[in-house]
Amino acid sequence: MKKYITIVFVIIMSSCSDYLDVVPDNLASIDIVFNNRATAGQFLSTCYSYVPEHAQIEQNFAMLAGDEVWYYTERDFYVNNVTSFRLAKGLQNATDPYMNYWEGGRGAFNMFVAIRDCNIFLENLTDIPGLKLNEKNRWIAEVKTLKAFYHFWLLRMYGPIPITDVNIPVDASPEETDVYRDPVDDVVNYIVKLLDEVIESNALFENISFINTDYGRLTLPAAKAIKAKVLMLSASPLFNGNTDFAGFVDADGNHLINQLYDAQKWVAAKDACLDAIRTAEASGHNLYTFTDLLPIGEINDVVRTELTQRATITDRFNVEQIWGVDRSWTGDLQAWCQPRWTSEHSSLFNFTKKSHAPTLNMVEDYYTVHGVPINEDPTWDYNQRYDVVSVSGQIADDHKYYIQSGVTTAKLHTYREPRFYATVGFDGGKWFSLESDDLEDLPYINAKAGQISGKVGFEIYSITGYFTKKLVNYENVITVNNAAIVGYTFPIIRLSDLYLMHAEAANEVKNTPDAEVYEYIQKVRHKAGLDVGSDLVTTWATYSNNPSKPTTKEGMRDIIRQERRIELSFEGQRYWDLRRMKLAGEYFSKPIRGWNINGTDTEGFYQVKNIFFRDFLIKDYLWPIGQNEMIRNPNLIQSPGW
């Protein structure tokens, strides 16, 4: 739940009606708030305070509600997550929904309150002593963008929602307060209109000048990126001619989700992505490359490539991030991701909870070393991928900085692309951090039962045998004398996301992929160390048993989708992507898998285990509205299936 910024705001909140968009009957307090620059600025902070904490696995439930990560429990002495994890288990309900951003509750706050407060700000920010005109215009543009983002947040969850352009007076009749769900296309058009007003005002800064005080505030590239994401959602199969929701109509029989596919939606999305990319690049955003000097001295290209992937997330103010939430909760998140490899790690168990566990489902998504899917590379032993192999000889040489020499590990862990080794920790895998001062002797993970990284007892362990390296800062040092956890800015939108959205939209617009489709996905792949000195078309022609795949629209669609799953893994993007692409039923209904973490030796550990089964149904694509709200407002139509 959000912490409110000012005492004035608490007074305002205490007098609110229960209706989702009714203006508080405390106008004297509002007048006080907006009679000087300082208190108006505090209310601006209040409007920002509703941005969900994206490093928090409940508020940003997309991190855990899908199939990327699994926990060993939903509740014990250390864990208490009976919200987003229950979504992952398929336990959503319409009586009292989990992550209820409509009314507030079950891990979420009322997002309509956030929108209402944005409206209060916009309606009352007039001529304020001490507030210059350009600053006033910037504040208005920021709050309009926040208002658009909060509508977008609800749109992704519920589909058709009430557009809340202005607040309803507190003395309004019940008929005026009983709002309706507006069709998805109307909601999209409204959000885009808001963002276009912001963009045309030219009031937002292109970048943040004072990063230590202003980081996280909205910029012009961020506003355009949000617009691009809105239009991508509108163009995608979930909301573009989805006949699964043919019966989802209002009281007059009007479809709340358009039943006719509209190819022009992809054109609008492509144009918005390109506009956002060009603005971001002109404002100084680029794909991140690790260039820092380290205390251990010069590092080789293999380690530098790994740190480029990891520090894209953990380098606090890096050029690839377009908008993010600064440092809040990243310390807790890192603790849940951090495995143990020393006795001091075990002693300081609050920093090394090792339970944010990637699934085997996710591990298999990463490419081979050749940059193609593991089931397409004929040089990679796909059928025997769960067999074990001794890391010695040529294998040890080829994986010198990835896997400890002399261990036995799964073939699945060998000859994979650089992002796999930068993202996932596994049994026998090395883990670069500043705790080590020797590249030739990096720490590695022992994940079998009873070992230091593995299951010991009944609490705090990885249920799959994997660990999320990507979300742990390489600068962390955990010793008895110095437990230093370095926080970072968790990304909401970064440039790679925009690049891949543009590739996706461009591919949908065209009959056959061309240079425009390849341009930005190629940049992402080159950053990842793939297609070195070449391109993805050549890579598929050389290494895939489906050599023409990138030359067809359908084949390129699959490539772009997999590239997004890999590049944006563990950032909370996969969940939303699979829903908007109407692939959630395929992916989330697969068994959640991992290794046999109770195995104490190689033979026992490397057995694939099914951890959980769920069915993702058509109704799960949209959130239900809670029973109390449905009873209170007879104008609301419940989401299909609930």
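Residues numbered from 1 in each chain as written. Predicted model: local features only at pLDDT ≥ 70, side-chain atom pairs only at ≥ 80, totals over all residues. Heavy atoms only, no water.

A look at the packing of aromatic side chains
Then step 1. Taken as a whole and judged by the stated rule, the model has 46 aromatic pairs.
Then step 2. Judged by centre distance (5.8 Å) and plane angle (65°), the ring pair of Phe 34 and Phe 121 falls under edge-to-face. In this pair, Phe 34 sits in the loop between helix H2 (27-33) and helix H3 (37-48) while Phe 121 sits in helix H5 (residues 111-124), placing the two residues 87 residues apart along the sequence.
Then step 3. Across the ring face of Trp 642, the terminal group of Lys 619 is positioned such that the distance to the ring centre comes to 4.2 Å. (Phe/Tyr/Trp six-rings, centres within 6.5 Å; stacked < 30°, edge-to-face > 60°. Helix = DSSP H or I, 4+ residues; strand = E, 2+ residues; numbered from the N terminus. Lys NZ or Arg CZ within 6 Å of the ring centre and 35° of its normal.)

Brief notes about the packing of helix H19 (residues 515-527) against helix H20 (residues 536-543)
Then step 1. Close contact between H19 and H20 brings their axes to 10 Å; oriented N to C, the two are set at 70°. Compared by their axis directions, H19 and H20 come out roughly perpendicular. For the pair H19 and H20, contact is made by Tyr 518, Ile 521, Gln 522 and Arg 525 and by Leu 536, Val 537, Thr 539 and Trp 540, respectively.
Then step 2. Looking at the contact of H19 with H20 residue by residue, the classes come out as five nonpolar, two polar and one charged. (Axes fitted to C-alpha atoms, helices over the stretch in contact; angles between N-to-C directions. Parallel < 35°, antiparallel > 145°, perpendicular 65-115°, else oblique. Contact = heavy atoms within 4.5 Å. Nonpolar A, V, L, I, M, F, W, Y, C, P; charged D, E, K, R; others polar.)

A look at the pairing of strand E10 (residues 489-494)
Then step 1. Counting buried positions along E10 yields six of six residues, so the element is predominantly enclosed.
Then step 2. Where strand E2 (residues 321-326) lies against E10, five bridges are found, and the strand directions are antiparallel. Opposite Gln 321, over in E10, you have Arg 494 as the bridge partner. (Buried < 20%, exposed > 50% of the residue type's maximum accessible area, 1.4 Å probe, protein only. Pairing = 2+ DSSP bridges.)

What to know about the state of the cysteines
Then step 1. One pass over the structure, following the stated rule, counts zero disulfides.
Then step 2. Here Cys 47 is not cross-linked by a disulfide; its sulfur's nearest cysteine counterpart is in Cys 118, at 4.3 Å. (Disulfide = S-S within 2.5 Å.)

Brief notes about the side chain of Glu 504
Then step 1. Here Glu 504 shows up in helix H18 (residues 495-509).
Then step 2. One polar contact links Glu 504 to Arg 580, side chain to side chain, over a distance of 2.8 Å. (Polar contact = N/O pair within 3.5 Å; in protein donor to acceptor, adjacent residues only side chain to side chain.)

A short note on helix H6 (residues 133-158)
Then step 1. Helix length check: H6, at 26 residues, gives a terminal C-alpha distance of 37 Å against a target of 38 Å (1.5 Å per residue), a fit within 8%.
Then step 2. Taken across its 26 residues, H6 has 20 buried, putting it largely inside the fold.
Then step 3. Taken from the residues just after H6, Gly 159 is the one with a positive phi, measuring 75°. (Expected span 1.5 Å × (residues − 1).)

Focus: the nonpolar core
Generally speaking, soluble globular proteins have nonpolar side chains that are buried together.
Then step 1. The biggest cluster of nonpolar side chains holds 173 residues, and the ones touching the most others in it are Phe 34, Phe 61, Tyr 101 and Tyr 150.
Then step 2. For this core, the leading source of residues is H6, giving 12 residues.
Then step 3. If we ignore the near neighbours within four places in the chain, the residues touching Tyr 150 are Cys 47, Tyr 48, Tyr 50, Val 51, Met 111, Ala 114, Ile 115 and Cys 118.
Then step 4. Listed in part, the 12 residues of the second largest apolar core include Tyr 288, Phe 290, Val 303 and Ala 311. (Core = buried A, V, L, I, M, F, W, Y, C linked by side-chain atoms within 4.5 Å.)

Section: the layout of surface pockets
Gaps left between atoms show up when a probe the size of a water molecule is rolled over them.
Then step 1. If you add up the space inside the second largest pocket, you get close to 480 Å³.
Then step 2. Lining the second largest pocket are 20 residues, with Asp 365, Gln 562, Arg 565, Tyr 587 and Lys 590 positioned closest to its centre.
Then step 3. Elements that contribute at least two residues to the lining of the second largest pocket include exactly helix H21 (553-567) and helix H23 (584-587).
Then step 4. Per element, the largest residue contribution to the lining of the second largest pocket is four residues, and it comes from H21.
Then step 5. Residue composition of the lining of the second largest pocket, by class: five nonpolar, three polar and 12 charged. (1 Å grid on protein atoms, 1.4 Å probe; cavity = no way out; pocket = protein on both sides within 12 Å on 5 of 7 lines; lining within 4 Å. Points joined across faces, edges and corners; volume = space filled by probe spheres on them.)

By themselves these figures say nothing about function.
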